[in-house]
Amino acid sequence: MSLRSSIKSLPTLMKVGFAEAVAYRAEMIVWVLATTMPLVMYQLWSAVSRVAPIGGYGKKDFLAYFLAAFIVRQLTGSWAAWQMNFEVRQGTLAMKLLRPLHPLLTYATENLSYLPMRLVIVAPVLTAMVILVGPGYLPHTPLQVVIWFFGTVGGWGVIFLINLCIGCMALFIKSTLKFMDAYLAMSFVFSGYLIPVELFPDRLRHLIDWLPFRYTIGLPIELFVTRHSDAEALSLLARQWCWVAILFVTATLLWRRGISKFEAYGG
Amino acid sequence: MRYLRLLAVQLRASALLAIQYRGDFLVDGPISLLWAGTSLAPLFVAYKNPATVVEGWSFGEALLVTGWFLLLTGVLEGAINPSLVSVVDHIRKGTLDFVLLKPADAQFLVSTSRFEPWRMTHVFTSILIFVYGFVTLHRMPSVPGIASALLLLLSSTLLLYSLWILTVSAAFYVVKVDNLTYLFNSLFDLARWPSSFFQGVLRFIFTAVVPLALMTTFPAEAMLNRLHASSLLFAIGGSLLFALLARLVWTRSIGHYTSASS
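Residues numbered from 1 in each chain as written. Chains lettered and ligands numbered in written order. Predicted model: local features only at pLDDT ≥ 70, side-chain atom pairs only at ≥ 80, totals over all residues. Heavy atoms only, no water.

Chemist: Can you lay out the overall build of chain A for me, pointing to particular residues and giving the numbers?
Modeler: Secondary structure assignment for chain A yields 13 helices and zero strands. Reading chain A from its N terminus to its C terminus gives the helix and strand order α-α-α-α-α-α-α-α-α-α-α-α-α. Taken over the C-alpha trace, chain A has a radius of gyration of 19 Å; the compact-globule value for 267 residues is 18 Å, and the two agree within 12%. Considering only C-alpha atoms, chain A reaches an extent of 60 × 40 × 35 Å along its principal axes. Across the 267 residues of chain A, 54% fall into the buried class. (Helix = DSSP H or I, 4+ residues; strand = E, 2+ residues; numbered from the N terminus. Rg over C-alpha atoms; globule rule 2.2 N^0.38 Å. Buried < 20%, exposed > 50% of the residue type's maximum accessible area, 1.4 Å probe, protein only.)

Right, dumping it as structure tokens:
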């Protein structure tokens, strides 16, 4: 599996993935409809901000924040951990090992090829956002756009790699899904998906700055509604890409050690 | 009488199955606490100033709603979801035949076929939250308050169950409803906060059309002794009406069932 042949197969893999996304479009719409959390959280925070603005966020800021949360969630979602768990249990991972391609790469392309369909869903929400809160919230200088782009890619990178790490653990232990459940609950609290990170007390915020959660969803949202100065944004972006590097190494190591233990059940 | 005996048999089967996987209990407990954290953390941040009152709800009072949300999540995941997920499976595979052939009511059989007792951990967590809420409020729940809250627990469970039956009935028409559970759970997330937090159209939808928001708000108000008797009657009457509707839709849609293998 040389790098060149892998790169050459990328367009085909993306095409296959896209066809799959189109075939399962009804299912995808159900998943989109199930993204109710930003709406649920907006109800709480708008009710709270009607009493008094909290931590520099007024009602409109919350609206922008949670519309962005919905968009970011659609763009950076990953489900590789569930998929890997399923394939290890069913033994179908063996099929992936037979291909002259790194299996982890196929998980990435499967994820990314859903992107065009997801953009179709995001477009009306983005329009609504521009109408409801005004374009002033969105990145407007070229630098801000670039930072936002890398922040969103990095956000997907961190989520996807965490998924891979947890997915690889299916090769060692039995109940990875419970593990994923625990991870999700923690990530909900600390990632900024439920509570804008800026609202946390200072001490907790410093801790969150060192954890990976914020860089999955919170940072892309904050960059999308431009809550940081350029210098601040760049330093956060650097931390995010550090996490991408750390998780990349961890996932590769876990995969190498784990795959030698893999037995295809019922193969 | 016969149905009570049947229920006992089904419960025993589920209990035996659960005992096989007793290790789950140790894992589910901490996970339930973590998920409780996802409901509590936003409240802690929102009520940073303890004197804040949002739409008529103080911190301690809002805690009670969260407690009810968790309690009903436990009921949903432990008693309602597992059985009804298996119905969808039966419909897809065509094995519902075997259930229909049995000499008992099909809706009863499928609804009681599986329970997951370890989800009781949510119930324990919610009791902790109730205690914490009342300690924050510096008061004790009254006996009539608790009695009417328990009555509302029954009506909310009935309502959840009826909504589920209505959703599952859709499986007879469109077979692909795998992620329906997920959708249903995320809609139920809307019951996290007191119903007065909702505004405009959403408020109308989630209190009048699909009374999700009331399922947690009414029992919390009952515990605080501020629920009118008329609301109590409305909740009970409404849930009975929903149950009747669900029953009608179920019997109609089961007529559409065509075994998949023949």
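Alright, that's what it looks like, and here's the rest.
Chemist: Any chance you could break down the interface of chain A and chain B for me, citing the residues and the numbers?
Modeler: Across the boundary between the two partners, chain A contributes 31 residues, which contact 33 residues of chain B. Taken over both partners, the interface formed by chain A and chain B buries close to 2900 Å², and the fraction arising from carbon and sulfur atoms is 73%. Connecting chain A to chain B are one salt bridge. Two residues, R50(A) and E55(B), come together in a salt bridge whose shortest N-O distance is 2.3 Å. Joining chain A to chain B, the criterion identifies seven residue pairs in polar contact (both at pLDDT 80 or more). Elements represented by at least two residues in the side of chain A that touches chain B include exactly α2 (25-33), α3 (37-51) and α10 (176-190) of chain A. In terms of residue count, the dominant contributor to the side of chain A that touches chain B is α3(A) (11 residues). In terms of residue class, the side of chain A that touches chain B is built from 24 nonpolar, two polar and five charged. (Contact = heavy atoms within 4.5 Å. Buried area = accessible area lost by both parts, 1.4 Å probe. Salt bridge = Lys/Arg side-chain N within 4 Å of Asp/Glu carboxyl O. Polar contact = N/O pair within 3.5 Å; in protein donor to acceptor, adjacent residues only side chain to side chain. Nonpolar A, V, L, I, M, F, W, Y, C, P; charged D, E, K, R; others polar.)

Chemist: Requested: an account of helix α6 (residues 120-137) of chain B, with residues and values cited.
Modeler: Within an α-helix, residues lying three or four positions from one another point in the same direction, as the helix has 3.6 residues per turn. Residues and elements named next belong to chain B. A rise of 1.5 Å per residue sets the reference length of α6, with its 18 residues, at 26 Å; its end C-alpha atoms lie 26 Å apart and thus fit the reference within 8%. The complete set of buried residues in α6 reads T121, H122, V123, T125, S126, I129, F130, G133, F134 and L137. Residues of α6 that are buried make contact with α2 (23-46), α3 (59-93) and α10 (212-223). H138 sits one or two positions beyond α6 and adopts a positive phi of about 55 degrees. (Expected span 1.5 Å × (residues − 1).)

Chemist: Describe in detail the nonpolar core, supporting the description with residues and values.
Modeler: W45(A), M129(A), L164(A), Y47(B) and F188(B) are the most contacted members of the largest nonpolar core, which has 153 residues in total. Broken down by element, the residue count for this core peaks at 17 residues, all from α3(B). (Core = buried A, V, L, I, M, F, W, Y, C linked by side-chain atoms within 4.5 Å.)

Chemist: Help me get a handle on the packing of α2(A) against helix α8 (residues 115-133) of chain A, residues and values and all.
Modeler: A pair of packed helices can be characterised by two numbers: the angle between their axes and the separation between those axes. All names here are of chain A. Closest axis-to-axis distance for the α2/α8 pair is 12 Å, and the angle between their directions is 50 degrees. Between α2 and α8, the crossing angle belongs to the class labelled oblique. In this structure, α2 meets α8 at a crossing whose hand is right-handed. Counting all contacts with α2, which are made through R25, M28 and V32, the residues of α8 involved are M117, R118 and I121. Along the lines of polarity and charge, the residues of the contact of α2 with α8 split into four nonpolar, no polar and two charged. (Axes fitted to C-alpha atoms, helices over the stretch in contact; angles between N-to-C directions. Parallel < 35°, antiparallel > 145°, perpendicular 65-115°, else oblique. Left-handed = near helix turned anticlockwise from the far one by under 90°.)

Chemist: I'd like a rundown of the packing of aromatic side chains, residues and numbers included.
Modeler: Residues and elements named next belong to chain A. On inspection of all chains with the given rule, the structure shows 23 aromatic pairs over all chains. When the centroid spacing of 6.5 Å and the interplanar angle of 35 degrees are considered together, the rings of F190 and F200 count as tilted. A residue pair is termed long-range when its members are at least 10 positions apart, and F190 in helix α10 and F200 in the loop between α10 and α11 (202-210) qualify at 10 residues. Side by side, F190 and F200 carry an identical accessibility label, which is buried. Grouped by ring-pair contacts, the aromatic residues W45, Y57, F62, Y65 and F66 constitute a single cluster. Over the aromatic face of Y193 sits the side chain of R73, whose NZ or CZ is 4.8 Å from the ring centroid. (Phe/Tyr/Trp six-rings, centres within 6.5 Å; stacked < 30°, edge-to-face > 60°. Lys NZ or Arg CZ within 6 Å of the ring centre and 35° of its normal.)

Chemist: Can you tell me about the packing of helix α9 (residues 142-169) of chain A against helix α13 (residues 230-259) of chain A, naming the residues and giving the values?
Modeler: Residues and elements named next belong to chain A. Running from N to C, α9 and α13 point in directions that differ by 25 degrees, and their axes come no closer than 8 Å. One way to sum up the angle between α9 and α13 is to call them roughly parallel. For α9 against α13, the interelement crossing comes out left-handed. Here the contact of α9 with α13 is built from residues that sort into 21 nonpolar, six polar and one charged.

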